[in-house]
Structure formats: C-alpha cells, structure tokens
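As a plain string of letters, each chain reads:
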Amino acid sequence: MTNETPSGTAREALDRIPAAERARTFQEPWEAQAFAITLALHQRGVFTWNEWATALGKEIKAAQARGDPDTGSTYYLHWLNAIERLVEHKGLTNAATLQRYREAWDRAADRTPHGDPIVLAPEDFAGGSTT
Amino acid sequence: MSDHDHDDGSHLSEIQLRVRALETILTEKGYVDPTVLDQIVEHFETKVGPHVGAKVVARAWVDPTFRSNLLADATKAITESGRFGTIGEHLIAVENTPEQHNMVVCTLCSCYPWDVLGLPPVWYKSAPYRSRVVMDPRSVLADFGVTLPPTTGIRVWDSTAETRYLVLPQRPAGTEGWSEERLASLVTRDSMIGTGLPAQPGAQTS
C-alpha cells in the first residue's frame, strides 16, 4: 500500500494499469459476470438505471471516504458492492442467504480437484461446519 | 475464507465466491438466465466499441443531413439510420467547432455512451479524471497531449443515468474526397470523449 491520494493526473491513473489490461473490456471473468447480472436485472425491470447509478455512485463515494485511491481499477469492486446492496434492498435476497451460498461455493471448491469445473451440489449446503 | 483448504482442491477468491453466490441465487429464483448473461458479456466484449461511434462520426462528416439529424436527436438519428445498431439511452451529440471543444465526464460514477463507444476506459472511471476535468479541463487535455488554441473555449458535459454524450470531433483537414470507411479510421475513442483529437491523415501508420 502506497500513500496514493486521489489527486494524481488522469494519465498517472492510466499509467498504473498495464497496457494489456487496459485493452481488455473486463480484467477478470467475475467483473463480466457482475456487470451482466446488473444489466439483466435492469432489463427485467427490477430497478431503473437511475436507481442503479445512484447506488453505484454511493459505493464509489463511500470507498473514497475509506481512502480508496479510486483510480478506476477497483471500479468493479464498487460495482459488486452496489449490486449486492441493491438486490437486498429490492428484497430479491438477503445478506444471510448470500453468505450461505458463498460458504457453499467455498465447500464446492474445496472438494473439487484442481482444474475441474466447480459445480455446486446440495451436499455443499448440508452440515456446514461453522469454524 | 475457510482455513481447511486442501492442497489438491480448487480455490475461489472471496470476490469470486460473492459473484457466484449472487448469480446462483438470482438464477434459482428466475431473475437471471445464465445464457442471457453470456450473451450480454459477448455483446460488450465483441459487438459494441468505439468502432461503432467512429462510423457514426464519419457518416456525419460526409452527410450534412445525417449530421444535422444527429445534432438534433442522436438517439433517433442513429437508430433510424439502421446502420449502427440501436441506441437504448438518451444520447446527445455535441459538436466541436473552432470556437468550442467538448469533453465528457460522469462525475457521479461512470455513465458512458455504451452503444456507440462500448465500456469506458479505466481512466474515465478514475477519481482524478472525474474531479479534475470539471475544474481544469485544459490541464487534463494537456495530460492527454492535446493543446488547443487559447481562443477555443472548453465545455464539459456531465453525464447522467439518463443522458449520455458523444463528441462529434472536427473533420481533419486534408481528407477531402475520403470514403466514410477511411475517415472512420481517423476517429479515435478519445476524440469522441473529448480527451483527444482525430488522427491526422498524414500520421496514419497503416
């Protein structure tokens, strides 16, 4: 962690991102998934785009207040925070359910040999050990 | 996350777990369809991008009627021409002139004219750009290597969830008689955001 402040130039922000990454639409598959989930929910009329922009703007402001240099590279993290909140706010799911599914996916990953596709099974929910 | 990971097992990062959990729940409840999610990603990775906006700009350079329609109502002009896909948002085209240069920002988050430019570059989403372009657009232009005559004013347009902007750059001199396709090759992404100018005809490398 460096003492970066949000005051650098736009170019500096850009220069911190390796060229190959700059050219790609999404840096990681999860960014694409979070993005697509949001658009799909909007297309279904779960929220208006204005509601979405407000939710995302709020997350970005909160992150800046926490000291995130907000150079654009953490953008999809803010995006994910915002869509989780909005989905909860709209009553589509709640924090406990999200947590239960995360733990299930974690167990699914643990029991899947490295390199195989990770698939969620009912057993991943059963008898969840609470360590 | 768990402290009993097996070395021969797989691992998902905290953030991957979060996204998978969200997608699984919403899929099970019927709010999203994984096939549709794949189509959305494919659309943004392969179909839309600055090449779409570049064709729109080139068309406006050669067709005065399209140009005036574009400036009057960009959403309608682009969608009705049937050549550049559809515009799902309220799009406004702002024209650069010798007197006025236009720059686009979204100070709130990162609203951007996706249908004509694809997804925004990283710097567009960064706090330094979002805050500085409003206060000191000329120095931001300098960061991008662009110097305008002092007589050219700069207007900054702040996007919203409902309204997006596309800059219509000035056609470079020395391109008389060029085809639309050739003209489009001069139109850079940054020139349609206002942080750059179109490539000059002589500066083309290919």
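In this text the structure is predicted, and so the values were computed from the model without any measurement.

What counts and how
- Residues numbered from 1 in each chain as written.
- Chains lettered and ligands numbered in written order.
- Predicted model: local features only at pLDDT ≥ 70, side-chain atom pairs only at ≥ 80, totals over all residues.
- Heavy atoms only, no water.
- Helix = DSSP H or I, 4+ residues; strand = E, 2+ residues; numbered from the N terminus.
- Buried < 20%, exposed > 50% of the residue type's maximum accessible area, 1.4 Å probe, protein only.
- Contact = heavy atoms within 4.5 Å.
- Areas by Shrake-Rupley, 256 points an atom, 1.4 Å probe, with all protein chains shown as cover.
- Lys, Arg positive; Asp, Glu negative; His and termini not counted.
- Charge placed at Lys NZ, Arg CZ, Asp CG, Glu CD.
- Core = buried A, V, L, I, M, F, W, Y, C linked by side-chain atoms within 4.5 Å.
- Buried area = accessible area lost by both parts, 1.4 Å probe.
- Salt bridge = Lys/Arg side-chain N within 4 Å of Asp/Glu carboxyl O.
- Polar contact = N/O pair within 3.5 Å; in protein donor to acceptor, adjacent residues only side chain to side chain.
- Nonpolar A, V, L, I, M, F, W, Y, C, P; charged D, E, K, R; others polar.
- Expected span 1.5 Å × (residues − 1).
- Phe/Tyr/Trp six-rings, centres within 6.5 Å; stacked < 30°, edge-to-face > 60°.
- Lys NZ or Arg CZ within 6 Å of the ring centre and 35° of its normal.

J.: How should I be thinking about the overall build of chain A in this particular structure?
T.: When you go through chain A residue by residue, the secondary structure sums to six helices and zero strands. Overall, chain A shows an N-to-C arrangement of helices and strands of α-α-α-α-α-α. Taking all 131 residues of chain A together, 47% fall into the buried category. Put simply, 40% of the contacts in chain A that link residues at least 6 apart link residues at least 24 apart. Split by element, the accessible area of chain A, about 6,800 Å² in all, is 53% carbon and sulfur.

J.: Would you take a moment to explain the overall build of chain B for this structure?
T.: In terms of regular secondary structure, chain B is built from 11 helices and four strands. Here the C-alpha coordinates of chain B stretch approximately 65 × 40 × 35 Å along the principal axes. Within chain B, the fraction of its 206 residues that count as buried is 52%. Within chain B, counting contacts between residues at least 6 apart in sequence, those at least 24 apart form 64% of the total. Looking at charge distribution, chain B has the averaged site of its 18 positive side-chain charges lying 8 Å from that of its 26 negative ones.

J.: Where do I start with the nonpolar core in this structure?
T.: General note: in soluble globular proteins, nonpolar side chains tend to be found buried as a group. By size, the foremost hydrophobic cluster in this structure holds 99 residues, and its most contacted members are Phe35 and Leu41 of chain A together with Leu70 of chain B. Element by element, the count of residues in this core is highest for helix α3 (residues 29-43) of chain A, at nine residues. Non-local contacts of Leu70 of chain B, meaning those with residues more than four positions away in its chain, are made with Val56, Ala60, Ala77, Ile78, Ala93 and Leu168 of chain B.

J.: So what exactly am I meant to see when it comes to the interface of chain A and chain B here?
T.: Accessible area lost upon the coming together of the parts is a frequently used measure of interface size. Listed as interface residues are 66 residues of chain A and, on the opposing side, 53 residues of chain B. Summed over both partners, the interface of chain A with chain B comes to about 5,400 Å²; 66% of that surface belongs to carbon and sulfur atoms. Linking chain A with chain B are one salt bridge, by the criterion used here. For Arg18 of chain B, the salt bridge is made with Glu84 of chain A, and the minimal N-O distance between the two is 2.8 Å. For the pair chain A and chain B, the number of links is 12 residue pairs in polar contact (both at pLDDT 80 or more). Of all the secondary structure elements, the ones that give two or more residues to the side of chain A that touches chain B are α1 (10-15), α3, α4 (49-65), α5 (75-89) and α6 (95-111) of chain A. When grouped by side-chain class, the residues that make up the side of chain A that touches chain B number 36 nonpolar, 21 polar and nine charged.

J.: Is there a simple way to think about the pattern of salt bridges in this case?
T.: All names here are of chain B. The tally for this structure, following the rule as stated, stands at 14 salt bridges over all chains. We note a salt bridge from Glu180 to Arg59, for which the minimum N-O separation is 2.5 Å. Of the two residues, Glu180 is situated in helix α10 (residues 180-184) and Arg59 in helix α3 (residues 50-62); the sequence distance between them amounts to 121 residues. Accessibility expressed as a relative area gives 22% for Glu180, which makes it partly exposed. Linked through salt bridges whose partners overlap, the residues forming this network are Arg59, Asp63, Arg83 and Glu180.

J.: I'm lost on α3 of chain A in this one. Help?
T.: Because each turn of an α-helix spans 3.6 residues, side chains separated by three or four positions in sequence point in the same direction. The terminal C-alpha atoms of α3 of chain A, which comprises 15 residues, lie 21 Å apart, in line with the 21 Å expected from a rise of 1.5 Å per residue. Burial analysis of α3 of chain A places 12 of its 15 residues in the buried class, the great majority of the element. Among the residues of α3 of chain A, Trp30, Glu31, Ala32, Gln33, Ala34, Phe35, Ala36, Ile37, Thr38, Leu39, Ala40 and Leu41 of chain A are the ones counted as buried. Residues of α3 of chain A that are buried make contact with α4 and α5 of chain A together with α1 (14-28), α2 (34-47) and α6 (114-117) of chain B. Downstream of α3 of chain A by one or two residues, Gly45 of chain A has phi in the positive range, about 80 degrees.

J.: It is not clear to me how the packing of aromatic side chains should be interpreted in this structure. Could you clarify?
T.: Aromatic ring pairs: the centre-centre distance and the angle between the two ring planes describe each pair. Under the criterion given, the structure shown has 21 aromatic pairs over all chains. Plain terms: the ring middles of Tyr75 of chain A and Trp79 of chain A are 5.8 Å apart, the flat faces sit at 65 degrees to each other, and that makes the pair edge-to-face. A residue pair is termed a helical-turn pair when its members lie 3 or 4 positions apart in one helix, as Tyr75 of chain A and Trp79 of chain A do in helix α5 at four residues. Side by side, Tyr75 of chain A and Trp79 of chain A carry an identical accessibility label, which is buried. Their ring planes at 65 degrees and their centres at 4.7 Å tell us that Trp123 of chain B and Phe144 of chain B sit as a pair that is edge-to-face. Of this pair, Trp123 of chain B sits in helix α7 (residues 122-125) while Phe144 of chain B sits in the loop between α9 (137-143) and β3 (153-158), and the two are 21 residues apart along the sequence. For the pair formed by Trp123 of chain B and Phe144 of chain B, the shared burial category is buried. By way of ring pairs, the aromatic residues Phe26, Phe35, Phe47, Trp49, Trp52, Tyr75, Tyr76 and Trp79 of chain A together with Phe44 and Trp114 of chain B are connected into one cluster. The ring of Trp105 of chain A carries Arg20 of chain B above its face, with NZ or CZ at 4.8 Å from the centroid. The ring centre of Trp114 of chain B lies 5.8 Å from the NZ or CZ of Arg164 of chain B, which sits over that ring.

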